[in-house]
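Residue-level structure breakdown
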Amino acid sequence: QVQLVESGGGLVQAGGSLRLSCAASGRTFRSNAMGWFRQAPGKEREFVAAISWNGGSTYYADSAKGRFTISRDNAKNMVYLQMNSLKPEDTAVYYCNAQREVYSRSGLYAWGQGTQVTVPS
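Quick caveat, the model's predicted, so the values are computed rather than measured. (Residues numbered from 1 in each chain as written. Predicted model: local features only at pLDDT ≥ 70, side-chain atom pairs only at ≥ 80, totals over all residues. Heavy atoms only, no water.)

Concerning the overall build of the protein
As a reminder, the rule being used: Secondary structure elements follow DSSP: runs of H or I no shorter than four residues count as helices, runs of E no shorter than two count as strands, and numbering proceeds from the N terminus. For a compact globule the rule gives 2.2 Å times the number of residues to the power 0.38, and the radius of gyration it is set against comes from C-alpha atoms. Each residue is placed in one exposure class: buried if its accessible area under a 1.4 Å probe, protein chains only, is under 20% of its type's maximum, exposed if it is over 50%, and partly exposed if it falls in between.
Secondary structure assignment for the protein yields zero helices and ten strands. Scanning the protein from its N terminus toward the C terminus, one meets helices and strands in the order β-β-β-β-β-β-β-β-β-β. In terms of C-alpha radius of gyration, the protein reaches 13 Å, essentially the compact-globule figure of 14 Å for 121 residues. Referenced to the eigenvectors of the C-alpha coordinate spread, the extents of the protein come out at roughly 40 × 25 × 25 Å. A total of 121 residues make up the protein; the buried ones form 45% of that total.

This is the structure in structure tokens:
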């Protein structure tokens, strides 16, 4: 069983920054790629960023490239998403999940509660 708990969201003005955290439990964490996803009101969930199991490779959606940085600390079972230069269109609930590999752009397990990021216009 894999448990995913996201935190770190909040309300930030455009141009600001947030660092999201994902605490992942389960024996598969260390051997899986991990990704961040988001879902804005009225839209489908979309891929944001992913990182390989050992942190050696990262992959970003075009919307995130150059602004967001994904990282992980396997010793702590944590995945992070540093978000800079936030825009109103980044407003969404952000979720983390394991991926089969770094380019999968899809989650393997049940979604957690997510963490809300709000960037007012």
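Topic: the side chain of Asn 74
Structurally, Asn 74 can be placed in the loop between strand S7 (68-73) and strand S8 (78-83). Its relative accessible area of 16% is what places Asn 74 among the buried residues.

Considering the sheet that holds S8
Rules: Strands qualify as paired when DSSP identifies two bridges or more between them. Here an angle of 0 to 180 degrees is reported between the N-to-C directions of two axes, which are lines fitted to C-alpha atoms, with helices fitted over the stretch in contact.
Taken in spatial order, the four strands of this open sheet run S1-S3-S8-S7, and their pairing is antiparallel. Each edge of the open sheet carries a strand with a single partner, namely strand S1 (3-7) and S7. On average, adjacent strands in this sheet sit at an angle of 15 degrees to one another, irrespective of strand direction. Across six bridges, strand S3 (residues 18-25) lies against S8 in antiparallel orientation. Residue pairing in the sheet places Leu 18 in a bridge with Met 83 of S8.

What to know about the state of the cysteines
So the rule is basically this: Any two cysteine sulfur atoms within 2.5 Å of one another count as a disulfide.
Tallied over the entire structure, the rule returns one disulfide. Residue Cys 22 pairs covalently with Cys 96 via a disulfide, S to S 1.9 Å. Classification of the bridge connecting Cys 22 and Cys 96 rests on its S-S torsion, roughly 65 degrees, and on that basis the disulfide is right-handed. Here Cys 96 lies in strand S9 (residues 92-99) and Cys 22 lies in strand S3, a separation of 74 residues in the sequence. Considered together, Cys 22 and Cys 96 belong to a single accessibility category, that of buried residues.

Things to note about the side chain of Arg 67
The criterion, for reference: Here, two residues are considered to be in contact whenever any of their heavy atoms come within 4.5 Å of each other.
Within the secondary structure layout, Arg 67 lies in the loop between strand S6 (58-60) and S7. Look past the residues within four positions of Arg 67 in its chain and what remains in contact with it is Gln 82, Met 83, Asn 84, Ser 85, Leu 86, Lys 87 and Asp 90.

Brief notes about the pairing of S7
Where burial is concerned, the two faces of S7 differ: the one with Phe 68, Ile 70 and Arg 72 is buried and the one with Thr 69, Ser 71 and Asp 73 is not. Note: S7 against S8, six bridges, orientation antiparallel. For Thr 69, the partnering residue across the bridge sits in S8 and is Gln 82. Following S7, the chain reverses through four residues before pairing antiparallel with S8; Asn 77 in that reversal takes a positive phi of roughly 55 degrees.

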